[in-house]
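Results of the structural survey
These are the residues of each chain, in order.
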Amino acid sequence: MIALFVGLRLYAVLGQRTGHEQRPVTRPEAAPGTEPAAAPAEPKLGAAEPSGFAFDQNAAAGIRAIVAADPGFDVARFLEGAQGAYRMVLEAFWKGDREELAFLASGEVLAAFEAAIAEREAAGHKLDNRLVAIERAAIDDARLDGRVAEIDVRFDAFVAAVTRNAEGEVVAGSLTDAVPTHDVWTFRRTVGSDDPNWVLVETDEVA
């Protein structure tokens, strides 16, 4: 089951409709003999949704361009998947699982992960980290260049981080003291391609 889960990559977590996600809100049908209801006002793009999801005003034009090119794209579903990808990538990095990382990231990001893992292994260290909570996931920016879509997602999370040596002794951190982390990750996909996966292409730590 683990192999199957990894093999699906981001197919199951980013932008892929399964039929089980929350359906988008639509206008109710007008009752017989009544005039159709006016179209609902467009939601405020900078406001947080009840689920804690949001997207910044700066991302609005890019999101509209992506939706126009790919009508099946769903913002809420994408953000749910981005959270899953965030957790999967972090856990794979902490475990030093290069194979799983190769399914989820590419290019310079993957190379940076692998270099950090190699450095950690050379020092005889292991990470005993835990993602305590993702406080907020929000689309920070979005753009469409030709058929290539990119979406920047900001994650505000809490991580309990511990580094152990070869003997299992704690050399840094604490599992009882979670620290806040703030990251912006960039996901990329070619709209209209047969591959439904969004690939992680850039990571940045932000204030």
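Moving on to the overall build of the protein. Along the protein, the regular secondary structure elements total five helices and six strands. Along the protein, helices and strands appear, N-terminal first, in the series α-β-α-α-α-α-β-β-β-β-β. When burial is assessed residue by residue, the protein has 35% of its 207 residues classed as buried. Taking the contacts inside the protein whose residues are at least 6 apart along the sequence as the reference set, 62% of them involve residues at least 24 apart. About 12,100 Å² of surface is accessible on the protein, with carbon and sulfur atoms providing 54% of the total.

Bringing the pairing of strand E4 (residues 148-164) into the picture now. Burial analysis of E4 places twelve of its 17 residues in the buried class, which makes it a mostly covered element. As paired elements, strand E2 (residues 126-127) and E4 share two bridges and run antiparallel to each other. Considered in E4, the bridge of leucine 127 is made with threonine 163. Relative to E4, strand E3 (residues 130-145) runs antiparallel, the two being bridged by 13 bridges. Bridge pairing in E4 links alanine 133 to phenylalanine 158.

So, on to the pattern of salt bridges. The final tally for this structure, using the stated rule, is nine salt bridges. Between glutamate 150 and arginine 188 there is a salt bridge, with its nearest N and O atoms 2.5 Å apart. Highlighted residues: glutamate 150 in strand E4 and arginine 188 in strand E5 (residues 170-190), separated in sequence by 38 residues.

Relative to the 30 Å expected for 21 residues at 1.5 Å per residue, helix H3 (residues 75-95) spans 30 Å between its end C-alpha atoms, a close match to the ideal helical length. Glycine 96 sits one or two positions beyond H3 and adopts a positive phi of about 75°.

Quick look at helix H2 (residues 60-69) now. Among the residues of H2, Ala60, Gly62, Ile63 and Ile66 are the ones counted as buried. Angularly, the buried residues of H2 cover 165° about the axis, an arc narrow enough to put them on a single face. Opposite the buried face of H2, by more than 90 degrees, sit the exposed residues Ala61 and Ala68.

A few words on the packing of H3 against helix H5 (residues 107-122). Running from amino to carboxyl end, H3 crosses H5 at an angle of 30°, the nearest separation of the two axes being 9 Å. Along the contact surface, H3 presents Val89, Phe93, Trp94 and Lys95, while H5 presents Phe113, Ala116, Ile117 and Arg120. A breakdown of the residues in the contact of H3 with H5 according to their chemical character gives six nonpolar, no polar and two charged.

This part takes up the confidence of the model for the protein. Confidence along the protein averages 79 in pLDDT terms, with 74% of residues attaining 70 or more. Looking across the protein, the model is least confident in helix H1 (residues 2-7), with a mean pLDDT of 31, and most confident in E4, with 96. Long-range and interchain partners of residues 1-53, a stretch whose pLDDT sits below 50, account for 65 contacts in this model, where long-range means more than four residues apart.

What follows is about the nonpolar core. With 40 residues, the main nonpolar core has Phe78, Ile139, Ile151, Phe155 and Phe187 as its most contacted residues. Those elements that provide at least two residues to this core are H2, H3, helix H4 (98-104), H5, E3, E4 and E5. Broken down by element, this core gets its largest block of residues, twelve residues, from H3.

A separate point is the packing of aromatic side chains. In this structure the tally under the stated criterion is eight aromatic pairs. Each ring, one from phenylalanine 73 and one from phenylalanine 78, has its centre 5.7 Å from the other, and the planes form 50°; the classification is tilted. Each member of the pair phenylalanine 73 and phenylalanine 78 is classed as buried. Taking 5.3 Å as the distance between ring centres and 45° as the angle between the ring planes, the aromatic pair formed by phenylalanine 93 and phenylalanine 113 counts as tilted. In this pair, phenylalanine 93 is assigned in helix H3 and phenylalanine 113 in helix H5, connecting sequence segments 20 residues apart. Relative accessible area serves as the criterion here: at 12%, phenylalanine 113 is assigned to the buried category. Taken together, Phe73, Phe78, Phe187 and Trp198 form an aromatic cluster joined through their ring pairs. Across the ring face of phenylalanine 93, the terminal group of arginine 120 is positioned such that the distance to the ring centre comes to 4.9 Å.

Rules used throughout
Residues numbered from 1 in each chain as written. Predicted model: local features only at pLDDT ≥ 70, side-chain atom pairs only at ≥ 80, totals over all residues. Heavy atoms only, no water. Helix = DSSP H or I, 4+ residues; strand = E, 2+ residues; numbered from the N terminus. Buried < 20%, exposed > 50% of the residue type's maximum accessible area, 1.4 Å probe, protein only. Contact = heavy atoms within 4.5 Å. Areas by Shrake-Rupley, 256 points an atom, 1.4 Å probe, with all protein chains shown as cover. Pairing = 2+ DSSP bridges. Salt bridge = Lys/Arg side-chain N within 4 Å of Asp/Glu carboxyl O. Expected span 1.5 Å × (residues − 1). Arc of directions from axis to C-beta. Axes fitted to C-alpha atoms, helices over the stretch in contact; angles between N-to-C directions. Nonpolar A, V, L, I, M, F, W, Y, C, P; charged D, E, K, R; others polar. pLDDT = per-residue confidence, 0-100. Core = buried A, V, L, I, M, F, W, Y, C linked by side-chain atoms within 4.5 Å. Phe/Tyr/Trp six-rings, centres within 6.5 Å; stacked < 30°, edge-to-face > 60°. Lys NZ or Arg CZ within 6 Å of the ring centre and 35° of its normal.

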